[in-house]
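Examining the three-dimensional arrangement
Residues per chain are reported as follows:
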Amino acid sequence: MGAGRLPQGFKWGYLVFVLVLVPVYAAVHGWFNFLWFSNVALLGGLLASWLESRRIASMMLVAVVLLELGWVLDFLLSMVVWGWAPLGIVHYMFNPDIPLFVRLLSLYHLPLPFVLIWLVWRLGYDPSAWRYMLLLGWGILLLTYWLADADNNVNWVLGPGGQVQEWMHPLAWLAVVMAVCMAVWWLTHRLVGGLLLRLRRP
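Along each chain, numbering runs from 1 in the same order as the chain's sequence is written. Note on the predicted model: pLDDT of at least 70 is required for a residue's local features to be given, and 80 or more for side-chain atom pairs to be given and counted; whole-chain, interface and lining totals, by contrast, use all residues. Excluded from the side-chain calculation are hydrogens and water; included are all heavy atoms of the structure.

Topic: the overall build of the protein
Counted only if it meets this: Only runs of H or I of at least four residues qualify as helices and only runs of E of at least two qualify as strands under DSSP, and these elements are numbered from the N terminus. Only C-alpha atoms enter the radius of gyration; for comparison, a globular chain is expected to reach 2.2 Å times N to the power 0.38, where N is the number of residues. The classification of residues rests on relative accessible area computed with a 1.4 Å probe and restricted to protein chains. Under 20% of the type maximum is buried, over 50% is exposed, and intermediate values are partly exposed. Here the accessible surface of atoms and residues is derived via Shrake-Rupley with a 1.4 Å probe, and residues count as covered only by protein chains that are part of the display. Positive charges come from Lys and Arg, negative ones from Asp and Glu, while His and the chain ends are left out of the count. Lys charges are placed at NZ, Arg charges at CZ, Asp charges at CG and Glu charges at CD.
Helix and strand counts for the protein come out as seven helices and zero strands. In the protein, the succession of helices and strands from N to C terminus is α-α-α-α-α-α-α. Taken over C-alpha atoms, the radius of gyration comes to 17 Å for the protein, in line with the 17 Å a tight globule of 202 residues would show. Each principal axis of the C-alpha distribution contributes one length, and for the protein these read about 50 × 35 × 30 Å. Classification of the 202 residues of the protein by burial places 45% in the buried group. Surface exposure of the protein reaches about 10,800 Å², of which carbon and sulfur atoms provide 71%. Placing the 11 positive and 8 negative side-chain charges of the protein at their respective mean positions leaves the two points 23 Å apart.

So, in structure tokens, the structure goes:
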């Protein structure tokens with residue numbers, strides 16, 4: 001469970017995929033789209049891979065593994081009924097206005113949580129990662145809120161499901177989002193830490 005080198009083929013494959021995705025996403029969605037936590041985790045996972053950084057890998061795992069598993073579940077359920085996303089997360093995957101190639105690139109959400117789990121398995125888990133993620137994540141949420149508008153509701157800082165909510169003050173909603181994210185990151189930390197402790201027992 002300690003630090004160990006990662007396969008070079010994995011690193012290069014990861015890098016090539018990101019080099020394809022970044023310019024395509026930037027052209028279609030704009031650079032602001034990269035503030036989505038899933039995209040942050042994709043890029044952070046690449047950095048963790050090349051640096052073989054236990055801390056960065058752990059931060060990215062804490063940041064998105066539960067949320068990405070929700071994406072995976074929503075996508076699989078939407079495939080059963082073709083287009084209806086029960087959780088409201090993956091509806092854009094069936095939007096014909098988005099080029100098919102871009103939507104195919106978005107399938108990275110499917111392996112991402114498992115890649116991050118594997119990275120932490122290989123590199124080890126940093127118990128302080130959730131605190132660092134809290135600082136980074138809250139900073140991202142504040143920046144996202146400052147830049148967001150009704151058409152670019154990244155990280156749902158203006159309302160749930162990509163919609164702009166109107167039942168509370170926008171700053172109150174932002175506080176709710178920050179609190180929920182903190183709870184999710186802390187819960188992920190507890191789950192991951194507890195699982196690793198169990199696996200290490202003889």
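Thoughts on a nonpolar patch on the surface
Here is the rule: Residues enter a patch when their relative accessible area is above 30% and they make no salt bridge; the linking distance is 9 Å between like charges and 5 Å between nonpolar side chains (Val, Leu, Ile, Met, Phe, Trp, Tyr). Counted as salt bridges are all cases of a side-chain nitrogen of Lys or Arg within 4 Å of a carboxyl oxygen of Asp or Glu.
A surface patch of nonpolar side chains, about 620 Å² in accessible area, is lined by Leu 66, Leu 69, Phe 114, Ile 117, Trp 186, Leu 187 and Leu 191. Taken together, the elements giving at least two residues each to the nonpolar patch come down to helix H3 (54-81), helix H5 (112-123) and helix H7 (170-200). In this fold, Leu 191 is placed in helix H7. By relative accessible area, Leu 191 is classed as partly exposed at 48%.

Concerning unusual backbone geometry
Backbone geometry at Glu 52 places phi at a positive 50°, although glycine is not the residue there. Relative to the elements of secondary structure, Glu 52 occurs in the loop between helix H2 (37-51) and H3. Judged by relative accessible area, Glu 52 falls into the partly exposed class, the value being 22%.

Concerning H2
Short version of the rule: In a helix, the anticipated span is given by 1.5 Å times the number of residues less one.
When the terminal C-alpha atoms of H2 are compared, their 20 Å separation across 15 residues agrees well with the 21 Å that a helix rising 1.5 Å per residue should span. Judged by how many residues are buried, H2 sits mostly within the fold: 11 of 15 residues are covered. Of the positions making up H2, those classed as buried are Phe 37, Ser 38, Asn 39, Val 40, Ala 41, Leu 42, Gly 44, Gly 45, Leu 46, Ala 48 and Ser 49. Of the residues one or two after H2, Glu 52 is the one with positive phi, at around 50°.

With respect to the environment of Val 164
Threshold: The contact definition used throughout considers only heavy atoms, calling two residues in contact when any of these lie within 4.5 Å.
For Val 164, the position within the fold is in the loop between helix H6 (129-147) and H7. Separated by 15 residues in the primary sequence, Val 164 and Asp 149 place their C-alpha atoms 8.6 Å from one another. Setting aside chain neighbours within four positions, we find Val 164 in contact with Ala 150, Leu 158 and Gly 159.

Focus on H5
Note the cut-off: Throughout, the arc means that of the directions going from the helix axis to the C-beta atoms.
For H5, built from 12 residues, the straight-helix expectation of 16 Å at 1.5 Å per residue is met to within 8% by its first-to-last C-alpha distance of 16 Å. Inspection of H5 places Leu 112, Pro 113, Leu 116, Leu 119, Val 120 and Leu 123 among the buried residues, and these make up the whole buried set. Buried residues in H5, looked at end-on, bunch into an arc of 120°, giving them a common side. Residues of H5 that are buried make contact with helix H1 (8-28), H2 and H3. Immediately downstream of H5, the backbone of Gly 124 shows phi near 100°, a positive value.

All quantities given are derived from atomic positions and should not be read as evidence of function.
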